[in-house]
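Commentary on secondary and tertiary structure
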Amino acid sequence: MRRVRIWMAAGLLAASCACGRTLPSDGTIDVVPVPVRVTPVEGVFRLGASTPVCIESSDERMRWVADALDEVLQPVFGRGLECRFPQAGEPHAVNFLLDASMAPDAYRLTVTPERVDIRAGAPEGAFYAVQTLRQLLPVEAFDGGVRTVELPAVEIEDRPAMAYRGLMLDVARHFFTVDEVKRTLDLLALHKMNVFHWHLTDDQGWRIEIRRYPELTRVGSVRRRTLIGKDPGGEYDETCRYDERPYGGFYTQEEVREVVDYAARRFITVIPEIEFPGHAVAALASYPWLGCTGERYEVRQTWDIDDRVFCVGRDSTFDFIEGVLDEVIGLFPSTYIHIGGDECPTKMWEQCPHCRARMRAEGLTAPRQLQGYATKRVERFLQAHGRRLIGWDEILDGGVSPTAAVMSWRGTEGGIRAARQGNPVVMAPTTHCYLDYYQTDDVANEPLAWGGCLPLSKVYELDPYEGLDSLAQRCVLGVQANLWTEYIPDFAQAQYMLLPRLAAVAEVGWAPRRRNYDDFLRRMEHLRLLYGACGYRYAPHPFVH
Ligand code: ACM
Ligand code: ZN
């Protein structure tokens, strides 16, 4: 009897502490993206459910940082920590302090056996410190039911090198619920990424409520059926099969506001994308007068590039897009508004009397220049409303103003050309950033994907500055991963495609000049355990040795 009691007490003790470890003296640390400087200190800090959090700032956004810490610790302690203003000589606390001499996104995290101090330039820096702290916790802590966890004593100085670290999610081909979008934003936060590019319209679905144009969601948000399996690319015949089920969904303006707010609390900017003038079939299905022929189309059920684009000869098309963008601007506070611009065939324009008249009136010598005309006209509208235009690199081909930002996807060439002429650039080349590509060459054992092969190691190789002198490098705002969803049937598979490759993109953006793939893989071992603890699905390949 006595022996049983002793054993039980030992069991309770084991469950009450998730023990961490002192950092090795060489400063190796399991944090992704890699911090700027890590200095190990002897010992550990014991964080308990009763450890107070002290915030020395009147910036209201520090409340969001405290909420983020709560969110991290909730699964550990079953509740967050008590938050209060600091008292003199505060013992054993997590202390936040804003320091205006630091860059807004910079932080210094100092853990000693006595206290945790987080000094940051602004709340976003403090938020990144919380994300680092989350990765310093022993992963067993997330099983819950512990009273204290041990943090290794350390001093970390850190800040991102690039201002833009993004992910594009295509919600037109596969519609993700608001909850799934929020889970995606959580993933961005975990990786210290700060831009969510929301691809809201395409041939296969219009996904945002526009009050002036209700048909966009009544008609344009639903396709009658969807192609099963791989798209043959233009030759649709009786061998093609369809699921014969309507598929649709859209976000109300209230839901959009909810997502933008959720993102803001995680220091993530949401950039909406409204495709113009290509990828327009869902819009044309809703309002046939937007197309060159006025024909009534169906929302597209297959995937490849479509000739049916907005008519840029008619002024009514510009009234429409300005009406749409007016509402979009009201919903999204982002500086940049993405107008797509990719893959826009000129076939319809060549045959359209309105478009041909526009070419004559504007003195344009090639149909492609109509895209330049349309882009510049939309840009003037955005600028008049205090916003900037960003588009896929095709916007360069029609001639682009010096202020438009270019998202380089057909390799980095477009980005290099744009940066050399002084346009702001985001690098998102298919060669390194298309996370809809297969992750291994063992295609038979992978879920159906777009094609290609983009392993983690290749993503990590991206050099966003390659081919640019120091002046042009300053035009590169950052990097972005793209997840197109033609072959993504659900959120579980979206996670599988994102993880762990998203981490590589995050590290390219955070530390483009301080990278080592072997060290990254070593650090990823811990992050992958954290993915598991958070319930995320990830691809196992890079971790199988
Ligand atoms: C794109 O992949 N069409 C931008
Ligand atoms: Zn036309």
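These numbers come from a predicted model, not from an experiment.

A residue-level look at the protein chain finds 95% of positions with pLDDT of 70 or above and a mean pLDDT of 93. In this model residues 1-14 is a low-confidence stretch, pLDDT under 50, and it forms 0 contacts with partners more than four residues away in sequence or in other chains.

Attention now moves to the environment of V259. Within the element layout of this structure, V259 appears in helix α6 (residues 253-264). The class of V259 is buried, set by a relative accessible area of 0%. For the pair formed by V259 and I274, sequence separation is 15 residues and the distance between their alpha carbons is 17 Å. V259 has contacts with V178, V181, L185 and W198, leaving out every residue within four places of it along the chain.

Turning our eyes to something else, we now look at the packing of aromatic side chains. This model, assessed by the stated rule, comprises 29 aromatic pairs. Here the aromatic rings of F127 and Y128 are separated by 6.3 Å at their centres, their planes lie at 70°, and the arrangement is edge-to-face. Like Y128, F127 is buried. Measuring from centroid to centroid gives 6.4 Å for Y287 and F320, while their planes differ by 55°, and the two rings are tilted. Separated by 33 residues along the polypeptide, Y287 in the loop between α7 (281-286) and α8 (315-331) and F320 in helix α8 bring together distant segments of the chain. The pair formed by Y287 and F320 is uniform in burial state, with each residue classed as buried. Clustering of aromatic rings is evident, with ring pairs tying together W206, Y213, F276, Y287, W289, F310, F318, F320 and Y373. The side chain of R225 reaches across the aromatic face of Y242, ending 3.6 Å from its centre. In this structure, R266 is placed above the aromatic ring of Y262, and the distance from its NZ or CZ to the ring centre is 3.5 Å.

Strand β8 (residues 148-158) sits mainly inside the fold: 8 of its 11 residues count as buried. Where strand β1 (residues 17-18) and β8 come together, 2 bridges link them in parallel fashion. Looking at β8, one finds that A18 is bridged to V149. Sheet topology places strand β2 (residues 37-48) next to β8; 9 bridges connect them, and they run antiparallel. Directly across from R46, in β8, lies its bridge partner E150. Bridge analysis of strand β6 (residues 107-111) against β8 gives 5 bridges, and the strand direction is antiparallel. Within β8, the position partnered with V111 by the bridge is V154.

When you line up the elements, D105 lands in the loop between β5 (94-98) and β6. In this structure the side chain of D105 is engaged in a polar contact, spanning 3.4 Å, whose partner is the side chain of R159. The contacts of D105, once residues within four sequence positions are left out, are E124, G125, Y128, D158, R159 and P160.

Coordination sphere of the zinc ion (ligand 2), protein contribution only: C292 (SG), C311 (SG), C352 (SG) and C355 (SG), at 2.3 Å. Each of the 4 donor atoms bound to the zinc ion (ligand 2) contributes to angles spanning 106 to 112°, and the resulting shape is tetrahedral. Mapped onto the polypeptide sequence, the residues donating to the zinc ion (ligand 2) form the spacing pattern C-x18-C-x40-C-x2-C. Linking C292 in the loop between α7 and α8 with C311 in the loop between α7 and α8, this pair joins segments that are 19 residues apart in sequence.

With that settled, the discussion passes to α8. Think of an α-helix as 3.6 residues a turn; residues three or four steps apart then line up on the same face. Taking 1.5 Å as the rise per residue, α8 with 17 residues should run 24 Å; its terminal C-alpha atoms sit 25 Å apart, in good agreement. The set of residues buried in α8 consists of T317, F318, F320, I321, G323, V324, L325, E327, V328, I329 and L331.

Glancing now at helix α12 (residues 413-420). Residues G414, G415, I416, A418 and A419 constitute the buried set of α12. For α12, the elements touching its buried residues are β20 (405-408), β21 (425-427) and α15 (470-473). Trailing α12 by a residue or two, G422 shows a phi angle of about 95°, which is positive.

A word on the pairing of β6. Look at any regular strand and the pattern is simple: side chains alternate between the two faces of the sheet. The buried fraction of β6 amounts to 4 of the 5 residues, a majority that puts the element mostly inside the structure. Where β6 and strand β7 (residues 116-120) come together, 5 bridges link them in antiparallel fashion. Following the sheet pairing, T110 is matched in β7 by D117. Here β6 hands over to β7 after 4 residues, the two strands then running antiparallel side by side.

Turning to the nonpolar core, a few remarks are in order. With 186 residues, the main nonpolar core has F96 and W198 as its most contacted residues. Top element by residues in this core is helix α2 (residues 62-77). It accounts for 10 residues. Beyond its immediate chain neighbours, meaning those up to four positions away, F96 contacts V53, C54, I55, E56, M62, V65, L69, I118, A126 and V130.

Attention now moves to the packing of helix α17 (residues 501-510) against helix α18 (residues 517-533). Following both chains from N to C, one finds α17 and α18 inclined at 125°, their axes separated by 11 Å at the closest point. On the basis of the axis angle, α17 is oblique to α18. α17 and α18 meet at a crossing whose hand is right-handed. Across the interface between the two elements, A503, A504 and E507 from α17 touch F520, R523, M524, L527 and Y531 from α18. Here the residues of the contact of α17 with α18 are counted per class, giving 6 nonpolar, no polar and 2 charged.

Conventions and cut-offs
- Residues numbered from 1 in each chain as written.
- Chains lettered and ligands numbered in written order.
- Predicted model: local features only at pLDDT ≥ 70, side-chain atom pairs only at ≥ 80, totals over all residues.
- Heavy atoms only, no water.
- pLDDT = per-residue confidence, 0-100.
- Contact = heavy atoms within 4.5 Å.
- Helix = DSSP H or I, 4+ residues; strand = E, 2+ residues; numbered from the N terminus.
- Buried < 20%, exposed > 50% of the residue type's maximum accessible area, 1.4 Å probe, protein only.
- Phe/Tyr/Trp six-rings, centres within 6.5 Å; stacked < 30°, edge-to-face > 60°.
- Lys NZ or Arg CZ within 6 Å of the ring centre and 35° of its normal.
- Pairing = 2+ DSSP bridges.
- Polar contact = N/O pair within 3.5 Å; in protein donor to acceptor, adjacent residues only side chain to side chain.
- Donors = N, O, S within 2.8 Å, 3.2 Å for Na, K, Ca; no water.
- Tetrahedral: all angles 85-135°; square planar, octahedral: opposite > 155°, others 65-115°.
- Expected span 1.5 Å × (residues − 1).
- Core = buried A, V, L, I, M, F, W, Y, C linked by side-chain atoms within 4.5 Å.
- Axes fitted to C-alpha atoms, helices over the stretch in contact; angles between N-to-C directions.
- Parallel < 35°, antiparallel > 145°, perpendicular 65-115°, else oblique.
- Left-handed = near helix turned anticlockwise from the far one by under 90°.
- Nonpolar A, V, L, I, M, F, W, Y, C, P; charged D, E, K, R; others polar.

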